[in-house]
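# Summary of the model geometry
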Amino acid sequence: MAKQVLVTAALPYANGSIHLGHVLEAVQTDVYTRARKLAGDDCVFIWAADTHGTPIELRARREGITPEALIERAWHEHRRDYGDFDIGFDIFHTTHSDETRRHAEAIFAAMESRGDILSRPVEQLYCPHDQMFLPDRFVKGVCPNPKCKSPDQYGDSCEVCGSTHAPTELGDPHCSICGTAPELRSSTHLFVPLARHEAFLRQWLAPLEQGGHTELQASVRNYVMEWVDGGLRDWDISRDPPYFGFEIPGHPGKFFYVWFDAPVGYIGATEKFCRDRGLDFDAYWRDPERANTELVHVIGKDIVYFHCLFWPAMLHAGGYTTPSRVHVHGWLTVAGEKMSKTRGTFVLARTYLDHLPADYLRYYFASKLGGTQDDLDLNLEDFVSRCNADLVKKTANLASRSCKFITSRLGGTLGALGDETAEIVAAAQRRLEEARVHYLAFESGKALRCAMQIAEDFNLYLTEQAPWKLGPEQAERARQVCSAGVYASQVIAGILAPVLPRWAEKVERMLKLPHRLDFAHAGTPLGAGHVIGEYEILAEPIDPAKVAAIIEASKETTPVTIADTPAYEVEALQPETTIDAFAAIDLRVAKVLACAKVDGADKLLQLTLDVGPLGQRNVFSGIAKSYAPEQLVGKHVVLFANLKARKMRFGLSEGMILASGSTDDAVTVLELDGRSRPGERVS
RNA sequence: GGGCCCAUAGCUCAGUCGGUCAGAGCGGCCGGCUCAUAACCGGCUGGUCCCUGGUUCGAACCCAGGUGGGCCUACCA
């Protein structure tokens, strides 16, 4: 008996909107699931929102709403956006559910009863004002690297010099929420000694050919084995309040770390799904030998660690079904780079949908997805040309020319396929089968190439046979030729179906197919005498202006980073004035040639500035509390150049550089980028 | 600092076991066609297979070292 298949995608975090990177994973999972369904498998796509943890807690606090209200809002938004991308999940549940709580507790209880839970104190920074322990990312301070000393760096690593450190090493640490200096406090935490599961994990991770039971990409297996071979460390699974999550039974005041209960959301969502549909939950998740069930997780490369070590160990300990396959994909880049809000390449799912139909992006992603965890680039020109070439010029047009010829000139009735088509028909059927195999290996790019090859064969056939040149006496021959084009469009739609379900539905409708376009039926020709319906537009060319509009809209919408009400005060605005007042002030680009501390002065830096054709200037600036001298060397700054020179105790200051900041230790110097030229006027 | 992964034509990517492996699609140029959504067909164009060295009769492929990029990590993995 065929196994029932349960597929999941990573659970989107309920703290913010989904972007095209989320869509990439959703599309990959959806295409795989649809392909399996169309291949006749009993397959479900189980999904949920990931709702716990400090970021949710803090965001809710900042917005002045409850975490429950926040995740409720995100749940609706996510379900709608994914739905509009035609993601065919069978359920979209939430980890903040009774089902998930019960299963998380059951796994914890099973681990605890086996002695798999240790407890010991942990020293951590605590904010007395916010009354909470601070995760690394919520502590900011001066980079402890003596060569760097950059201010305002996170507790785990420095974005300026790239070094990493513990939050306790930061100079002048402060809570990133309220600014208070944190103190070191001790708290008891619960740990899972992962090393006790090493034997199981080694077996679980073994390649199929070595008696393993799990399909993993070789690169992923290598990566995970590094951790196993390097010695598995204890995993801290508890957090202190305030923490939005589940309190740990028997450990009052301790909450499950979000990564403990998040994947349990897969189980909780399945239970809800089974109850709603009257299905047997145990058949899915209480099948440790995987006699009935195939469990497939699709994830991004950043969370391999959780899904290939902690998760199988948890499931094993709790007596649940363990994953049959973990498929890992890379990141989405846009225009060759990480998504960037300032470049407008941080595109929200909704922003895309405001301008273009989901199908194009689904096709583009699917056409570039393979079995590797390489990053995938959304190249905007390539996106337009690929969709237009493949979907419109090649494929939709083949259907259009074939169908319209038959409906407009030949009464809509198909003929038998000619003997001379035997070869390309057989090739089409072979490619349909190849595509099915590719889809089931997560190779949708190769699967779609099969469809394009069919289109190429039959477009050529039509051109060679030139039915439009045949006279009325050869109408039956023309009917035969065009029927081949109709047949090709049917098979192609069968291959496209997992990626473009709406396309497949249109073809089913307009060809009046007796069966669904699944892999079993898509290759069967309609017989002579079958009457087809009117052609429906399958795809229209993408207007590149729409793509530009998406980028433009992404530039506009994202900088609206939910403006927090500022907690500081600024000077009142000066009285209104005219441009003339500004013209009197001559601002110039200046490059910092040298910069040094001034002996005998706490606040002063002495800068030597290159003002291009205007020569060099010596300027004293009261920014020493905010800048190390070497931070400024080479930078292009703005110089108030016609300011009367001023004698100071340490020498003559020939101008003033522009900076913001009301206190000496919080000054930001205006910097221009390298395109500016020293000496040029700033206006 | 350590680990895993990636680098092939202007663009996006295939290249299995070392031996027709210098490929496809798109783009560009030239020509043909007109049923079809200015779509379709043919021909041509195009590469230091990231670099250096090694193994081999033979390397895009195996090994070593670089360079550039992605991800993870450095006592809450």
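Here we summarise the structure given alongside this text. (Residues numbered from 1 in each chain as written. Chains lettered and ligands numbered in written order. Predicted model: local features only at pLDDT ≥ 70, side-chain atom pairs only at ≥ 80, totals over all residues. Heavy atoms only, no water.)

### Some thoughts on the protein's contact with RNA strand B
Note the following rule: Residues are counted as near a molecule or strand when any one of their heavy atoms sits within 4 Å of it. By the criterion applied in these results, polar contacts are pairs of N or O atoms within 3.5 Å in which, for protein atoms, one can donate a hydrogen and the other can accept it, and in which residues neighboring in sequence qualify only through two side-chain atoms. Helix and strand definitions here come from DSSP, where helices need a minimum of 4 consecutive H or I residues and strands a minimum of 2 consecutive E residues; each element is numbered from the N-terminal end.
Around RNA strand B sit 48 residues, and of these Asp-136, Asp-236, Asn-397, Lys-404 and Arg-409 come closest. A share of 78% is what sugar and phosphate atoms reach among the atoms of RNA strand B within 4 Å of the protein. The separation between a sugar or linking oxygen of RNA strand B and a polar side-chain atom of Arg-233 is 2.8 Å. Within the side chain of Lys-446, an N or O atom sits 3.0 Å from a phosphate oxygen of RNA strand B. Among the elements that line the surface near RNA strand B, the one with the most residues is helix H13 (residues 380-409), at 14 residues.

### With respect to the sheet that holds strand S11 (residues 234-236)
Our working definition: Whether two strands pair depends on DSSP finding at least two bridges between them.
As summarised here, the arrangement of the 4 strands in space is S5-S4-S9-S11, forming an open sheet in which the pairing is antiparallel. In the strand order of this sheet, the two ends are held by strand S5 (132-133) and S11, each with one partner. Sheet topology note: the strand S4 (residues 118-127)/S5 ladder contains 2 bridges and is antiparallel. In the sheet register, Cys-127 faces S5, and the bridge partner there is Met-132.

### Some remarks on the pairing of strand S3 (residues 91-94)
Put simply, the test is: The cut-offs for exposure are 20% and 50% of the maximum accessible area for each residue type, with area from a 1.4 Å probe on protein chains only; residues under the lower value are buried, those over the upper are exposed, and the others partly exposed.
Alternating positions in S3 separate into two faces, Ile-91 and His-93 on one and Phe-92 and Thr-94 on the other, with burial throughout. Both strand S2 (residues 42-49) and S3 contribute to a ladder of 4 bridges, which runs parallel. The residue of S3 that forms the bridge with Trp-47 is Phe-92.

### Some words on the nonpolar core
It is characteristic of soluble globular proteins that their nonpolar side chains tend to be buried jointly. Here is the rule: Put simply, buried Ala, Val, Leu, Ile, Met, Phe, Trp, Tyr and Cys residues joined by side-chain atoms within 4.5 Å make one nonpolar core. Contacts are residue-level and defined by heavy atoms, with any inter-residue pair within 4.5 Å sufficient.
Grouped together as the largest cluster of nonpolar side chains are 162 residues, with contacts concentrated most on Trp-285, Tyr-352 and Phe-383. Those residues in contact with Phe-383 that lie beyond four places of it in its chain are Tyr-352, Leu-356, Tyr-360, Leu-361, Tyr-364, Leu-378, Ile-542 and Val-547. Of all hydrophobic cores here, the second largest spans 18 residues; its members include Val-592, Leu-607, Ile-623 and Tyr-627.

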